[in-house]
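Letter by letter, the chains look like this.
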Amino acid sequence: MIRRASLVLVGALMGATAMSVIYSAGVPAEAAGASTYKELSVFGDVFERVRAQYVTPPAEDKLIENAINGMLSSLDPHSSYMNAKDAEDMQTQTKGEFGGLGIEVTMEDELVKVITPIDDTPAAKAGVLAGDYISEIDGQSVRGLKLEDAVEKMRGPVNTPIKLTLIRKGADKPIELTIVRDVVAVQAVKSRVEDDVGYLRIISFTEKTYPDLEKAIEKIKKTVPADKLKGYVLDLRLNPGGLLDQAIQVSDALLQRGEVVSTRGRNPDETRRFNAGPGDLTDGKPVIVLINGGSASASEIVAGALQDLRRATILGTRSFGKGSVQTIIPLGENGALRLTTALYYTPSGRSIQGTGITPDIKVDEPLPDDLKGKMVTEGESSLRGHIKGQSETDEGSGSAAYVPPDPKDDVQLNYALDLLRGKKTDPSFPPNPDKAVSAK
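Residues numbered from 1 in each chain as written. Predicted model: local features only at pLDDT ≥ 70, side-chain atom pairs only at ≥ 80, totals over all residues. Heavy atoms only, no water.

With an unreviewed UniProt entry as reference, the protein is termed S41 family peptidase, source organism Rhizobium grahamii.

Asker: Quick one: what's the story with the overall build of the protein, residue by residue and with numbers?
Answerer: Tallying secondary structure elements over the protein gives nine helices and 20 strands in all. For 440 residues, the compact-globule estimate of 2.2 N^0.38 gives 22 Å, and the protein sits close to it at 22 Å. Overall size of the protein, expressed as C-alpha extent along the three principal axes, is 80 × 55 × 40 Å. For the protein, buried positions account for 52% of its 440 residues. For the protein, contacts bridging at least 24 residues in sequence account for 72% of all contacts bridging at least 6. (Helix = DSSP H or I, 4+ residues; strand = E, 2+ residues; numbered from the N terminus. Rg over C-alpha atoms; globule rule 2.2 N^0.38 Å. Buried < 20%, exposed > 50% of the residue type's maximum accessible area, 1.4 Å probe, protein only. Contact = heavy atoms within 4.5 Å.)

Asker: Run through the environment of F47, naming residues and quoting values.
Answerer: Structurally, F47 is set in helix α1 (residues 34-53). Among the residues examined, F47 registers a relative accessible area of 18% and is labelled buried. Separated by 111 residues in the primary sequence, F47 and V158 place their C-alpha atoms 39 Å from one another. For F47, the residues in contact, after removing those within four places along its chain, are E60, L63 and I64.

Asker: An account of the sheet that holds strand β17 (residues 313-316) is requested, with residue identities and associated values reported.
Answerer: Across the sheet, which stays open at both edges, the six strands sit in the order β11-β12-β13-β16-β17-β20 with mixed pairing between neighbours. The open sheet terminates on both sides in strands that have one partner only, identified here as β11 (189-194) and β20 (361-362). Bridge count for strand β13 (residues 231-235) against strand β16 (residues 287-291) is four bridges, and the pairing is parallel. Looking at the pairing, L234 lines up with V289 of β16. Sitting on the sheet, helix α6 (residues 209-223) is in contact with β11, β12 (197-202) and β13, with an inclination near 15 degrees to β11. On top of the sheet, helix α8 (residues 298-308) reaches β13, β16 and β17; it is set at about 140 degrees to β16, its chief contact. (Pairing = 2+ DSSP bridges. Axes fitted to C-alpha atoms, helices over the stretch in contact; angles between N-to-C directions.)

Asker: Account for unusual backbone geometry, naming residues and giving values.
Answerer: Geometrically, the link from F429 to P430 is a cis peptide bond, its omega value of -5 degrees lying close to zero. One can find P430 in the segment after α9 (411-420). Unusually for a residue other than glycine, D195 sits at a positive phi of about 60 degrees. For D195, the position within the fold is in the loop between β11 and β12. If you check the backbone angles, R310 has positive phi at about 55 degrees while not being a glycine. Position of R310 relative to the elements: it lies in the loop between α8 and β17. Judged by its relative accessible area of 27%, R310 falls in the partly exposed class.

Asker: Can you break down the packing of aromatic side chains residue by residue, with the values?
Answerer: Overall, the coordinates contain zero aromatic pairs when judged by the stated rule. A cation over an aromatic ring shows up here: R192 above the ring of Y199, its NZ or CZ 4.0 Å from the ring centre. One Lys or Arg, R264, reaches over the ring of Y345 and ends 3.9 Å from the middle of that ring. (Phe/Tyr/Trp six-rings, centres within 6.5 Å; stacked < 30°, edge-to-face > 60°. Lys NZ or Arg CZ within 6 Å of the ring centre and 35° of its normal.)

Asker: A description of the nonpolar core should follow, citing residues and the corresponding values.
Answerer: In this structure, L234, L236 and V289 are the most contacted members of the largest nonpolar core, which totals 44 residues. Here this core takes six residues from α8, the largest share from any one element. The contact partners of V289, leaving out residues within four places of it in the chain, are L234, L236, A303, L306, A312, T313, I314 and L315. (Core = buried A, V, L, I, M, F, W, Y, C linked by side-chain atoms within 4.5 Å.)

Asker: Would you mind going over the pattern of salt bridges in detail, with residue names and values included?
Answerer: Tallied over the full model, the rule gives 23 salt bridges. Across the pair K190 and D120 runs a salt bridge whose closest N-O atoms are separated by 2.5 Å. One end of the pair, K190, is in strand β11; the other, D120, is in the loop between β5 (111-117) and α4 (122-126), and 70 residues separate them in sequence. When its relative accessible area of 56% is taken as the criterion, D120 is described as exposed. A salt bridge links R273 to E259; the nearest nitrogen and oxygen atoms lie 3.1 Å apart. Taken together, the residues span a long stretch of sequence, with R273 in strand β15 (residues 272-275) and E259 in strand β14 (residues 259-265) at a distance of 14 residues. Classification of E259 by relative accessible area gives buried; the value is 16%. (Salt bridge = Lys/Arg side-chain N within 4 Å of Asp/Glu carboxyl O.)

Asker: Describe the domain arrangement of the protein, with residues and values.
Answerer: For the protein, the assigned domains are domain 1 (98-185) and domain 2 (189-435). Relative to domain 2, the C-alpha centre of domain 1 lies at a distance of 26 Å. Taken together, the contacts link 13 residues of domain 1 with twelve residues of domain 2. Across the domain 1/domain 2 interface, buried area totals approximately 1100 Å², and carbon plus sulfur atoms make up 51% of it. Connecting domain 1 to domain 2 are three salt bridges. Linking D109 and R384 is a salt bridge whose minimum nitrogen-to-oxygen distance equals 3.1 Å. Linking domain 1 to domain 2 there are three residue pairs in polar contact (both at pLDDT 80 or more). Sorting the residues of the side of domain 1 that touches domain 2 by element identifies β4 (103-108) and β5 as the ones contributing at least two each. Looking at side-chain class alone, the side of domain 1 that touches domain 2 contains four nonpolar, two polar and seven charged residues. (Domains from an automatic or database assignment. Buried area = accessible area lost by both parts, 1.4 Å probe. Polar contact = N/O pair within 3.5 Å; in protein donor to acceptor, adjacent residues only side chain to side chain. Nonpolar A, V, L, I, M, F, W, Y, C, P; charged D, E, K, R; others polar.)

This is how it looks when you write it as structure tokens:
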């Protein structure tokens, strides 16, 4: 088992609960050419003209910050600049506790789009749904705002109210919700016993994830005797990702050996490989992993590793397809730069960027009547300006991101339980570790 923490982390979707990524103090690979510095002088001229002649005196620090973000956003959807406060907030969030509403968001068509509300948070309790668009915050339109500015407006002191105006596909008119901010302490792992099966749901990959998983498995073992325990369901649906070292440790918790993931940057010498060691917390019990369109980044690393090494059967629908790695480059008191610097690859050497993880057993989760036609299926491949994956096709990535609140209605979960109990059979279950696929 890997016990030491790694400095390498993988980013989740940037938003109100954005996860951290790689911490590094990188330097440019080579000096810029003369033509580049000539273009920078043009920028300086434009800046001076705006500063001196714009109809109202602009905030100079905001001009520069917006210019930097404009440059970064032209690269891909996950590169951005964080001022000092945002950088500090990101470090806080990786600890698994933060203040706010509890929603994962991104920016689309000048509106804030909800990727997913986190369980048991103010947003989830108020009825915010994945796919909702936030058009106004406290009566102010979000059009023209950067994502970071919109997120900042949603943050605030605990026990203070905020009014969100939501546009929901299929709704006749905008929906107005008043939500009271709270400390969002994200429980990294939820677990329970489904009679003779251990159920483990990883909500996000924070510093708490592996310790919480270890405790959850131990609790299940104490509840169900080994000779009665049929296996485990590892639920990664609606998991937006997080820390890479936690994804590696979660994978390693179920593996005895083999490469978990590799990251490959611009230069060949930047390739890094992470391997599992002996020690399986589940004692070799069968494992089925659930994924859907809300499974992204770190959760895709876990699913990809367990799939390639034939340790678990992957069930559900195609994952989000975020296969890029970001680096957080500290800029001292000026904040930090979040820059895409590498792609990650599963043990077989495949990049899931723009393609996602294809399940071994495809099982669709039916939508209830009140959500039909109201949830838009999206993935990394549909994000404007995304890095095109080496295996990306017109089919793209992503799928529906819906999980029924009542386990009795959960088709994917119940399919997994039937497989573990022998009520259903499939050639993909149980997988054969002797047929593990590794990079050539």
